[in-house]
Each structure stands twice: as structure tokens, then as C-alpha cells.
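Topology and contacts: notes
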Amino acid sequence: MFTSPIQLSEVRYNAAEQQFEAAVRVHDNGIERTYACAIPAPISTSFEDAAQGLTKQALRRHAKRGGMFSHIASPALRLHAGKRSFDPARWLEGLMQHPNSSAA
């Protein structure tokens, strides 16, 4: 049974296609995947029913690992190993210490 948290965002009704659409984020062991989901339904469908259908579609796609998704790695994996962040003050100081530098 799947018990990871689910988040629905940007839920809207597309009248031209007659379907509910949403970005559904599935949290699974520190990894987040966002699926663009759409379910055909009349505009009179309750939000709860639409949300349930969108969630079911996202979980089905997540379980099969199929379809397109956006992947956000855990924060520990996003670090740039061995690479210092850019410091503009340090860069300017180094530039001014260059022998051929002159003030503009």
C-alpha cells in the first residue's frame, strides 16, 4: 500500500478539453516527482472527486515509473561537490589585484 504524501497544485478545469488538470507531486523516500495529470470529467464534478481521480492517476503512473515527470532530488544530492559558490566581492578583489588592472 502506498502511503507517501501527495500534493495537488494548479488544479484547473480545461473547458476546451472538458477535463480537470493538475500538477500532482508524489513524495517517495526523499525524492519528489511531479506528474502532469488530466482526467476527463464534466465541469459539475466535485473538487473532491476530481482530486481523487488526479491522485489515482499520479499514483498509477508513479508505481509503473512510466510517463513524463519532473524530478527533484533530495537536498543532499543537490550540492555541488567540491565547487565553491560564486562570491562577487572576492572576484572583484582578485580582479583589482591583477597587474594590468586599472579603475574604470
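Refer to the preceding data block for the structure.
The end-to-end C-alpha separation of helix α1 (residues 47-64) is 26 Å, in line with the 26 Å expected for 18 residues at 1.5 Å each. Every buried residue belonging to α1 is among Ala50, Ala51, Leu54, Thr55, Gln57, Ala58, Arg61 and His62, and all of these are buried. Within α1, the buried residues cover an arc of 160 degrees as seen down the axis, which keeps them to one side. Facing away from the buried surface of α1 by more than 90 degrees, the exposed residues are Glu48, Gln52, Lys56, Ala63 and Lys64. Buried-residue contacts for α1 involve β1 (6-14), β2 (19-28) and β3 (31-40). Positive phi shows up at arginine 65, right after α1, with a value of about 55 degrees.

We now examine unusual backbone geometry. In the Ramachandran plot, glutamate 10 falls in the positive-phi region, its phi being about 55 degrees despite a non-glycine side chain. By secondary structure assignment, the location of glutamate 10 is in strand β1. Note on glutamate 10: relative accessible area 62%, which makes it exposed. For glutamine 18, which is not glycine, the phi dihedral falls at a positive 55 degrees. Relative to the helices and strands, glutamine 18 is located in the loop between β1 and β2. A relative accessible area of 54% means that glutamine 18 is categorised as exposed.

Criteria and thresholds
Residues numbered from 1 in each chain as written. Predicted model: local features only at pLDDT ≥ 70, side-chain atom pairs only at ≥ 80, totals over all residues. Heavy atoms only, no water. Helix = DSSP H or I, 4+ residues; strand = E, 2+ residues; numbered from the N terminus. Expected span 1.5 Å × (residues − 1). Buried < 20%, exposed > 50% of the residue type's maximum accessible area, 1.4 Å probe, protein only. Arc of directions from axis to C-beta. Contact = heavy atoms within 4.5 Å.

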